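Commentary on secondary and tertiary structure
Chain by chain, the residues run as shown.
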Amino acid sequence: MKTIRSYSVTAVLAVACMLLAAPAAFAGDPTSREYPYLYKSSRAMGMGGAYTAIGGRVDAVFSNPATLINIPRDKGWDVNLLNLNVTVGKDAKQFFKDMQDALDVTDQNGDGSTGDEELKAMNDVLARYTGENLHLSVSDLTALGKSYDSFAFAVGGVGVGRLDAMPHQGFGSDGLLEVNADVTYGAVVGFSVKATDNLFAGLGVKALHRESLVHKFTAQELVDKQDNLDNYIQDELRKKGSAVGFDAGLLWNLGPDSYWRPSAGLSVLNIGDLDFKEAGKIPMTVNAGLAVNPQITWSRSLIIGIDYIDILNNYTQDKDMLKRTRMGAELQLFDILPVEMSLRAGLYQGSLTFGADLRLLTFLLSYTQYTEQIGAYAGQDKDTRQMLTFNFGW
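Quick look at the structure, then. (Residues numbered from 1 in each chain as written. Predicted model: local features only at pLDDT ≥ 70, side-chain atom pairs only at ≥ 80, totals over all residues. Heavy atoms only, no water.)

1. Topic: the overall build of the chain
- In terms of helices and strands, the chain carries six helices and 16 strands.
- A burial count over the chain gives 53% of its 394 residues as buried.
- Carbon and sulfur atoms make up 60% of the accessible area of the chain, which amounts to about 17,100 Å² in all. (Helix = DSSP H or I, 4+ residues; strand = E, 2+ residues; numbered from the N terminus. Buried < 20%, exposed > 50% of the residue type's maximum accessible area, 1.4 Å probe, protein only. Areas by Shrake-Rupley, 256 points an atom, 1.4 Å probe, with all protein chains shown as cover.)

Written out as structure tokens, the structure is:
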């Protein structure tokens, strides 16, 4: 008879397959360990998440819509026909590989079946990863935007699928397998308007649908539901909800004619909370940032920024100040048609980040590494993640 622990493999595989393959999969409450978010771009995360006073791309609608005015005017339209982003946590890739290897074992005792060998191999894998956070996410932001002298806008569609799972010992309230799976998708619009010579105001609107699977599977539950786990998840456990959210922001260009060209940004995201009813909510946050963009001649641009997010401590996970601090920089080495290349580095939640991208004509490949703090304070529990982005646009 199969051991209880082996059923957690079935659960993880079932959830992962439905999350990434189903037409309307899951979107749930954000994991209880990391701060909730809608979308993370490779550019922002490569810069340590310091984006409130920087922006300059269509992805600014998720940090401060006022910074859409920083979209480079000399490049015309900022267009992302496809912006596919895959992020894998430090243990997730190896975990799923180890599970696949466990399913591929051969018959070693000569009884004509590999069942016993597969069970032992699976149990060994689960025991090895007990207590580890397993993260996998896929997202796309298809959007376009443009900046003029006194007005800028961005419009598009976003889809984010995310899976966080953690195997446990199978005792107590944590159950055998804790799963947070979510999919969020819908439309986003952002505007930036000139208020005075050096002050810009921004507004963003999001219309989103969300479905959720946030559940701690117990041993008895997995045994009882083993033959219809897919239906049990879809019919009884997933939650659904839709919401319309509003964002507002300001951007001050403090010294546009000085060498450093400093700027300050302030944003209020998800005003009044982004409430998906039974599918959960994402709290409102107030965020502030500073940036400098010195006038250098040896490359196209150098941008340095620092942010402090969630000033009002609406994230209920903790009140850690270091987890709310982000800083980073981007150096655009060259921008000579048809080639662009940028390097980025930063400090996100107390850990280093770095990233790089290379564009050839309409194709861009970007890589970013950052560390998500999933403990109560920075440094307690880290999940280093690799982010790879493929973009088709201009």
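From this point, things continue past the structure.
2. A short note on the nonpolar core
- Judged by nonpolar contacts, the single largest core of 25 residues is most densely connected at Phe-62, Leu-68, Leu-141, Val-158 and Leu-274.
- Among the elements of the structure, β2 (134–147), β3 (151–167), β5 (199–217) and β6 (239–253) are those that each provide at least two residues to this core.
- A per-element tally of this core places β3 first, with four residues.
- Excluding anything up to four places from it in sequence, Leu-141 contacts Tyr-39, Val-58, Asp-59, Phe-62, Asn-80, Asn-83, Gly-157, Val-158 and Val-188.
- Listed in part, the 11 residues of the second largest apolar core include Leu-177, Val-179, Ala-181 and Phe-217. (Core = buried A, V, L, I, M, F, W, Y, C linked by side-chain atoms within 4.5 Å. Contact = heavy atoms within 4.5 Å.)

3. Structural notes on the packing of aromatic side chains
- Using the criterion set out here, one finds 11 aromatic pairs in the structure.
- Geometrically, the ring pair formed by Phe-151 and Phe-153 is stacked, given 6.3 Å between the ring centres and 20 degrees between the ring planes.
- Here Phe-153 falls in the buried class, since its relative accessible area comes to 19%.
- Counting every residue linked through ring pairs, the aromatic cluster contains Trp-77, Phe-151, Phe-153 and Phe-191.
- Across from the ring centre of Tyr-37, 4.2 Å away, lies the NZ or CZ of Lys-40, which sits over that ring.
- If you follow Arg-162 out to its NZ or CZ, it ends over the ring of Tyr-37, 4.2 Å from the centre. (Phe/Tyr/Trp six-rings, centres within 6.5 Å; stacked < 30°, edge-to-face > 60°. Lys NZ or Arg CZ within 6 Å of the ring centre and 35° of its normal.)

4. Here we look at the pattern of salt bridges
- Taken as a whole and assessed by the stated rule, the structure comprises 22 salt bridges.
- Residue Lys-40 pairs with Glu-372 through a salt bridge whose shortest N-O separation is 2.6 Å. Here Lys-40, found in the loop between α1 (6–21) and α2 (42–46), pairs with Glu-372, found in strand β15 (residues 363–373); they are 332 residues apart in sequence, far enough to count as distant.
- On the basis of relative accessibility, which here comes to 11%, the residue Lys-40 falls in the buried class. (Salt bridge = Lys/Arg side-chain N within 4 Å of Asp/Glu carboxyl O.)

5. Remarks on the pairing of strand β11 (residues 301–308)
- With five bridges joining them, strand β10 (residues 285–292) and β11 adopt antiparallel strand pairing. Counted as the bridge partner of Gly-289 is Asp-307 from β11.
- Bridge analysis of β11 against strand β12 (residues 325–336) gives eight bridges, and the strand direction is antiparallel. From the neighbouring strand, Ile-304 faces β12, where its bridge partner is Ala-329. (Pairing = 2+ DSSP bridges.)

6. With respect to unusual backbone geometry
- Phi is positive for Asn-270, which is not a glycine, with a value near 55 degrees.
- Tracing the backbone shows Asn-270 in the loop between β7 (263–269) and β8 (274–275).
- Classification of Asn-270 by relative accessible area gives buried; the value is 8%.
- In the Ramachandran plot, Asn-313 falls in the positive-phi region, its phi being about 55 degrees despite a non-glycine side chain.
- Among the structural elements, Asn-313 can be located in the loop between β11 and β12.

7. Thoughts on the side chain of Thr-371
- Counting through the fold element by element, Thr-371 comes out in strand β15.
- Its relative accessible area of 6% is what places Thr-371 among the buried residues.
- A polar contact is formed between the side chain of Thr-371 and the side chain of Thr-384, at a distance of 3.1 Å.
- When residues no more than four places from it in sequence are discounted, the contact partners of Thr-371 are Tyr-348, Gln-349, Ser-351, Lys-382, Asp-383 and Thr-384. (Polar contact = N/O pair within 3.5 Å; in protein donor to acceptor, adjacent residues only side chain to side chain.)

8. Side note on the environment of Ser-242
- Take Ser-242: it is sitting in strand β6.
- When residues no more than four places from it in sequence are discounted, the contact partners of Ser-242 are Leu-208, His-209, Asp-275 and Phe-276.
- In terms of polar contacts, Ser-242 uses its side chain to reach the side chain of His-209, at 2.9 Å.

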